[in-house]
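Fold and contact review
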Amino acid sequence: MSGLFDFGSIGLSDLDEEDIFEDKKQKEKEKLEPPKEEDFLLDKEVECPVCGNKSNQKILKTGKVKLISTDRDLRPKYSILDSGKYEVYQCGVCGYAALAKSFSHISAKQTEMIREGFCTRVKLRSFVQGATYSYEEALERYKLALACAMVRKAKAGEKAYICLKTAWLLRGYAEFKKEQGDTGLLAEIEKAEQDYLGEAYRGFSKAVTVESFPICGMDESTIDYLLAALAFETGNLEASSRLVYKIVQNKNAGSRVKERAINLKDEILAETRRRRNEKSEN
Ligand SMILES: [Zn+2]
């Protein structure tokens, strides 16, 4: 505070240095004990629609985690934790797993398909139960969810969404490894991320031709943008550029998605130039 609005004029000049909206006590507490991943989690009891077993699933406390950025392909990044680790529910008894939103919503026929084609054959690994999920455990949950989606013949869009989220989790895993200075398995993790991004691209490309919008909660222009980003990530600049053009021309596309598309267009141009220079150098 300064000038007309300083607190010195009322004898409280020490307040001039303070942030009006900051909770000092909370900040000091956070300095002494920095928040941990488990502080943002809670257990939720969920009933398995396949075998009826009730188990606790770790979920995020709503409104507690802070979004810090969004990647080009729409992956949200939060402070302290990787939210992707907590998006799959898994029954510890029969192994049935699915993204939290679709876990309970399977038909009687699909339940039967899971029982016969999955539960009788799956070999479940056990993990040390802690206050959080490790990346290894979270990846296993995604693998089980994708296997279940394949066995119950889920729609292409749903399977593509699991692949996309698996790729995001692998990216988080690679970032975590780098932070730890651990380069073991890094190349394999990065390769797997690329593979899953490729599968997500194939799956969503199929979904837009046979399914109606919204697909996994996303409208047409969001899916178009996601496809453009996935094409870019997997090196298909031509397809990416075509989709960007489609979004920019779409009168119904919102301003945020258009803005993202325009940013992506710049990245496509930069990458095209980089490739051209690389070619001329060789
Ligand atoms: Zn079960």
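Use the structure listed above.
First things first, this report covers the structure right here in the doc. Treat the numbers as computed from the prediction; the structure is a model and nothing was measured. (Residues numbered from 1 in each chain as written. Predicted model: local features only at pLDDT ≥ 70, side-chain atom pairs only at ≥ 80, totals over all residues. Heavy atoms only, no water.)

Here we come to the overall build of the protein chain. Within the protein chain one finds 8 helices and 6 strands. Secondary structure elements of the protein chain, listed N to C terminal, follow the sequence α-β-β-β-β-β-β-α-α-α-α-α-α-α. In terms of overall dimensions, the protein chain has C-alpha extents of about 80 × 55 × 40 Å along its principal axes. Here the protein chain, with 282 residues, has 38% of them falling under the buried criterion. If you sum the accessible surface of the protein chain, you get close to 17200 Å²; carbon and sulfur atoms cover 51% of it. Put simply, the protein chain has 47 plus and 47 minus side-chain charges, and the middle of one group is 7 Å from the middle of the other. (Helix = DSSP H or I, 4+ residues; strand = E, 2+ residues; numbered from the N terminus. Buried < 20%, exposed > 50% of the residue type's maximum accessible area, 1.4 Å probe, protein only. Areas by Shrake-Rupley, 256 points an atom, 1.4 Å probe, with all protein chains shown as cover. Lys, Arg positive; Asp, Glu negative; His and termini not counted. Charge placed at Lys NZ, Arg CZ, Asp CG, Glu CD.)

Below, the discussion takes up the nonpolar core. Counting 67 residues, the largest nonpolar core has Y96, L164, F204, Y225 and L230 as its most contacted members. If we ignore the near neighbours within four places in the chain, the residues touching F204 are G157, A160, Y161, L164, I215, M218, I223, L226, L227 and L230. Core analysis: the second largest hydrophobic core is formed by 6 residues, F40, L41, V65 and Y133 among them. (Core = buried A, V, L, I, M, F, W, Y, C linked by side-chain atoms within 4.5 Å. Contact = heavy atoms within 4.5 Å.)

All of the protein donors around the zinc ion are C48 (SG), C51 (SG), C91 (SG) and C94 (SG); their distances to the metal are 2.3 Å. For the zinc ion, all donor residues lie on one chain, and their spacing in sequence is C-x2-C-x39-C-x2-C. (Donors = N, O, S within 2.8 Å, 3.2 Å for Na, K, Ca; no water.)

Within the structure shown, the criterion is met by 1 cavity of 30 Å³ or more. By volume, the largest cavity amounts to about 80 Å³. Along the walls of the largest cavity sit R75, P76, D82, S83, G84, E87, Y142, K165, W168 and L169, which together make up its complete lining. The residue makeup of the lining of the largest cavity, split by class, is 4 nonpolar, 2 polar and 4 charged. (1 Å grid on protein atoms, 1.4 Å probe; cavity = no way out; pocket = protein on both sides within 12 Å on 5 of 7 lines; lining within 4 Å. Points joined across faces, edges and corners; volume = space filled by probe spheres on them. Nonpolar A, V, L, I, M, F, W, Y, C, P; charged D, E, K, R; others polar.)

With that settled, the discussion passes to the environment of L42. Tracing the chain through its elements places L42 in strand 1 (residues 41–47). A residue is classified by how much of its surface remains accessible, and L42, at 36% relative accessible area, is partly exposed. Residues L42 and N56, 14 residues apart in the sequence, show an inter-C-alpha distance of 9.3 Å. Excluding residues that lie within four positions of it along the chain, L42 makes contacts with Q57, K58, I59 and K61.

On to the pairing of strand 1. Here is the key point about a regular strand: its side chains alternate between the two faces of the sheet. Two strands pair when backbone bridges link them, and strand 1 and strand 2 (residues 54–60) are joined in this way by 7 bridges, in the antiparallel orientation. Paired with L42 across the two strands is I59, which belongs to strand 2. (Pairing = 2+ DSSP bridges.)

Once that is clear, we can look at the pattern of salt bridges. Scanning the entire structure with this criterion turns up 24 salt bridges. R171 is the partner of E193 in a salt bridge, and the nearest nitrogen-oxygen pair spans 2.8 Å. Here E193 is found in helix 5 (residues 186–210), whereas its partner R171 is found in helix 4 (residues 156–180), with 22 residues between them in sequence. Like R171, E193 is buried. Note that D224 and K246 form a salt bridge whose closest N and O atoms lie 3.0 Å from each other. Placement of the pair is D224 in helix 6 (residues 220–233) and K246 in helix 7 (residues 237–249), with a sequence separation of 22 residues. On the accessibility criterion, D224 (4% relative accessible area) is buried. With a relative accessible area of 40%, K246 lands in the partly exposed category. Three or more residues joined by partner-sharing salt bridges are found here, namely D71, D73, R75, K77, R171, E175 and E193. (Salt bridge = Lys/Arg side-chain N within 4 Å of Asp/Glu carboxyl O.)

Running from amino to carboxyl end, helix 5 crosses helix 6 at an angle of 145°, the nearest separation of the two axes being 9 Å. Between helix 5 and helix 6 lies a crossing of left-handed hand. Of the residues in helix 6, those touching helix 5 at Q194, L197, A200, Y201, F204, S205 and V208 are I223, L226, L227, L230, A231 and E233. Looking at the contact of helix 5 with helix 6 residue by residue, the classes come out as 10 nonpolar, 2 polar and 1 charged. (Axes fitted to C-alpha atoms, helices over the stretch in contact; angles between N-to-C directions. Left-handed = near helix turned anticlockwise from the far one by under 90°.)

What follows covers the layout of surface pockets. To find the voids left in a structure, one rolls a probe of water-molecule size over its atoms. If you add up the space inside the largest pocket, you get close to 1100 Å³. Contributing to the lining of the largest pocket are 35 residues, with E87, K101, Y161, K165 and C216 lying nearest its centre. The dominant element in the lining of the largest pocket, judged by the number of residues it contributes, is helix 4, at 6 residues. Tallied by class, residues from the lining of the largest pocket come to 18 nonpolar, 9 polar and 8 charged. By volume, the second largest pocket is sized at about 470 Å³. If you trace the second largest pocket, you find 15 residues lining it, with Q26, E30, P35, F40 and I80 closest to the centre. Each residue belonging to the lining of the second largest pocket can be placed in one class, and the counts come to 5 nonpolar, 2 polar and 8 charged.

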